[in-house]
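Residue-level structural notes
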There are 2 protein chains.
Amino acid sequence: MLDVCLLGTAGMMPLPNRWLTALSLKYNGSNILIDCGEGTQIAMKEAGINFKPIDILCITHFHADHISGLPGLLLTMGNAERTEPLTIIGPKGLTRVVTALRTIAPELPFEIKCIELNEQDEYFEMNGYHIHAFRVKHAVLCYGYSVEIKRSGRFSVERANEKEIPMRLWNPLQKGNTVEFEGRVYTPDMVLGPARKGIKVTYCTDSRPLEHIVEAAEGSDLFICEGMYAEKEKIVKAKQYKHMTFYEAADMAKRAGVKELWLTHFSPSLVRADDYMPQVRDIFANAYLGKDAKSVELMFDED
Amino acid sequence: MLDVCLLGTAGMMPLPNRWLTALSLKYNGSNILIDCGEGTQIAMKEAGINFKPIDILCITHFHADHISGLPGLLLTMGNAERTEPLTIIGPKGLTRVVTALRTIAPELPFEIKCIELNEQDEYFEMNGYHIHAFRVKHAVLCYGYSVEIKRSGRFSVERANEKEIPMRLWNPLQKGNTVEFEGRVYTPDMVLGPARKGIKVTYCTDSRPLEHIVEAAEGSDLFICEGMYAEKEKIVKAKQYKHMTFYEAADMAKRAGVKELWLTHFSPSLVRADDYMPQVRDIFANAYLGKDAKSVELMFDED
């Protein structure tokens, strides 16, 4: 089960009742946070999300509305008695930016490991998360992230017995491990069926629409995408500032065959966002407006 | 008239319903902001305070809860179309810290002038404000600030006429200017009575109690002082972390002969602060708990 919480839906600047866009994912006691703008730590407190389990922080890009909350977050994680290392993934230049922001958070009780992204696509596996960082098209170097929880094939007791596999090995094999025991090598495919559909969330803000995003979001259970502008005439601004309209996001959701779309990262000037949703749903029916602390528990499909 | 707004009352970390401690002062269309923690720009929006008129930012010290909102604030000031220079006053090392934080706010439509404090006491006069920065005693280099609006003596029409001072010179003389006209030098004291009492606000957080603070706060109309801890047994913590209790602040208010004390910068663990106020008022009667957006308009005394 993957806990998803959209911590905020604002773009550019935090507003009294709209936190900056950021996402919290939780699986097996390990949290991923995507972006950390000014006030994100408060949004987390409001949403009841703990600081200590944050193992991975993915930064989309270095505009202040996506990272200026980092010093405060790190200190609050320290106050929450975190001691395990924190991995921060982000575009080229990440180490320099983190070091600069830590000028006001120099002493922490945990280590920070920075991973700088250099390619169009980079893949990581950590704590059961399969993370895909994919380059997008913004005014500055910027990435989106897909996060997947894979699901191995169904365990066959019959085949395990047929192959006289000792019971003590069933559990590690089920977890996908190859095991050597009493001179024999046992591999997961000896007892597992074909891999089953996992859980996939894709998060993308601050970009023009791209085929690369559609490919990355392919088959997502949940696609969280920016919709900076809802007014159709603002396509001009979207192109100028390298953002998207609601309708461009909906079109990508349709082409990527995602299950559900949440729109986020609204312009401060966007007030009655709901009014535009009928037009969005003409393009992609299962589209919803992001709201601060909008949450869902994504489960594996029933067998 | 001086508009005072205590933007937040939290210490250490911003909380869902308690912004970090910061102060906004407004006089003659020019704003001073004292400290800028994470979320301060949101507190300003909630309090209806504009960003463009911020001419002076006074930083008490470089702990994140007092300055991590700087990048966001600068960008929001830029979005508010400020173009005039911003003066930032703060402890030694200010330029380095501001430069580091501007890693994520590199492009601004206004210039920033940093003034680094080196002495125990430093004085500045800007936009009608008389600012006194006074060194306090915290875990790191830290200053408090007194801000005064001076008030010249009453203008005497009789004396102006007696001395046959041309009417065109009355206004500049009233403003305290010395004027030379047709070979004669006219000075303000020729037409003004003794200086009258002005308006004085003193702001001090993150310190142990000090005689130096009492002297700086002398005769303030409003003394805004930290009270990190209200529980008497926490005097041990106050000493350890170089903070104060409610009662130490109240004692300083009494000795400085201030008119009114607002307590602020409460520990996140302090919940029922009101319960402790009777004991505070036993020490200093005119003491109040700071509240987010607590405001007052301080006027010159009636003549």
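Because the structure is predicted, anything quoted here is derived from the model rather than measured.

**Structural notes on the UniProt feature "binding site: Zn(2+) 2" in chain A**
All names here are of chain A. Following the UniProt record, one finds the feature "binding site: Zn(2+) 2" at Asp65, His66, Asp206 and His265. In summary, the annotated positions, though distributed over 201 residues, converge in three dimensions, the widest C-alpha pair being only 10.9 Å. Excluding its chain neighbours within four sequence positions, the residues that come into contact with His66 are Asp35, Cys36, Gly37, Ile59, Thr60, His61, Thr205, Asp206 and His265. A polar contact is formed between the side chain of His66 and the side chain of Asp65, at a distance of 3.4 Å. The topology assignment puts His265 in the loop between strand E14 (260-264) and helix H10 (277-283). When its relative accessible area of 1% is taken as the criterion, His265 is described as buried.

**Points about the packing of aromatic side chains**
The full count for this structure, using the stated rule, is eight aromatic pairs over all chains. Measuring from ring centre to ring centre gives 6.0 Å for Tyr27(A) and Tyr129(A), while their planes differ by 65°; the resulting arrangement is edge-to-face. With Tyr27(A) in strand E2 (residues 22-27) and Tyr129(A) in strand E8 (residues 129-135), this pair connects stretches of sequence that are 102 residues apart. Judged by centre distance (5.3 Å) and plane angle (45°), the rings of Phe155(B) and Trp170(B) are tilted. Of this pair, Phe155(B) sits in the loop between strand E9 (143-151) and helix H5 (157-162) while Trp170(B) sits in helix H6 (residues 170-174), and the two are 15 residues apart along the sequence.

**Some thoughts on the nonpolar core**
If you look at the biggest cluster of nonpolar residues, it comprises 62 residues, and the most contacted ones within it are Leu57(A), Leu73(A), Ile88(A), Leu57(B), Leu73(B) and Ile88(B). Excluding anything up to four places from it in sequence, Leu57(A) contacts Leu33(A), Asp35(A), Cys36(A), Leu70(A), Leu73(A), Leu86(A), Thr87(A), Ile88(A) and Ile89(A).

**Some thoughts on the relation of the copies chain B and chain A**
Rotating chain B by 180° and moving it 0.0 Å along the rotation axis overlays it on chain A with an RMSD of 0.1 Å. Classification of the inter-copy transformation places it as that of a two-fold axis. Among all residues of chain B, the one whose C-alpha sits closest to the rotation axis is Ala100(B), at a distance of 2.4 Å.

**A closer look at helix H3 (residues 70-79) of chain A**
Most of H3(A) is tucked away: eight of the ten residues are buried. Turning to H3(A), its buried residues number three or more, namely Leu70(A), Pro71(A), Gly72(A), Leu73(A), Leu74(A), Thr76(A), Met77(A) and Gly78(A).

**Points about the UniProt feature "active site" in chain A**
Residue and element names in this part refer to chain A. According to UniProt, the positions carrying the feature "active site" are Asp65. Among the structural elements, Asp65 can be located in helix H2 (residues 64-67). Judged by its relative accessible area of 11%, Asp65 falls in the buried class. If we ignore the near neighbours within four places in the chain, the residues touching Asp65 are Gly11, Met12, Leu20, Gly37 and His265.

**Remarks on the domain arrangement of chain A**
Residues and elements named next belong to chain A. By the assigned domains, chain A splits into domain 1 (2-152 + 195-287) and domain 2 (153-194). Here the C-alpha centroids of domain 1 and domain 2 sit 38 Å apart. Carbon and sulfur atoms make up 40% of the area that domain 1 and domain 2 hide from each other, which totals about 340 Å². Of all residues in domain 1, Ser152, Ala195 and Arg196 give up the largest surface area on contact with domain 2, accounting jointly for 100% of the area buried on that side. Our count for the domain 1 to domain 2 interface comes out at zero salt bridges. Between domain 1 and domain 2 we count two residue pairs in polar contact (both at pLDDT 80 or more) in total. Residues belonging to the side of domain 1 that touches domain 2 are distributed by class as follows: one nonpolar, one polar and two charged.

**A closer look at the pairing of strand E2 (residues 22-27) of chain B**
Residues and elements named next belong to chain B. Counted residue by residue, E2 has five buried out of six residues, so it is predominantly covered. Here strand E1 (residues 2-8) pairs with E2 via five bridges, running antiparallel. Paired with Asp3 across the two strands is Lys26, which belongs to E2. With five bridges joining them, E2 and strand E3 (residues 30-34) adopt antiparallel strand pairing. If you follow Leu25 over to E3, its bridge partner there is Ile32. Connecting E2 to the antiparallel partner E3 that follows it, the hairpin turn spans two residues, and Asn28 within it adopts a positive phi of roughly 55°.

Calculation rules
- Residues numbered from 1 in each chain as written.
- Chains lettered and ligands numbered in written order.
- Predicted model: local features only at pLDDT ≥ 70, side-chain atom pairs only at ≥ 80, totals over all residues.
- Heavy atoms only, no water.
- UniProt positions renumbered as here; feature names shortened; annotations may be inferred.
- Contact = heavy atoms within 4.5 Å.
- Polar contact = N/O pair within 3.5 Å; in protein donor to acceptor, adjacent residues only side chain to side chain.
- Helix = DSSP H or I, 4+ residues; strand = E, 2+ residues; numbered from the N terminus.
- Buried < 20%, exposed > 50% of the residue type's maximum accessible area, 1.4 Å probe, protein only.
- Phe/Tyr/Trp six-rings, centres within 6.5 Å; stacked < 30°, edge-to-face > 60°.
- Core = buried A, V, L, I, M, F, W, Y, C linked by side-chain atoms within 4.5 Å.
- Least-squares fit on C-alpha atoms with pLDDT ≥ 70 in both.
- Domains from an automatic or database assignment.
- Buried area = accessible area lost by both parts, 1.4 Å probe.
- Salt bridge = Lys/Arg side-chain N within 4 Å of Asp/Glu carboxyl O.
- Nonpolar A, V, L, I, M, F, W, Y, C, P; charged D, E, K, R; others polar.
- Pairing = 2+ DSSP bridges.

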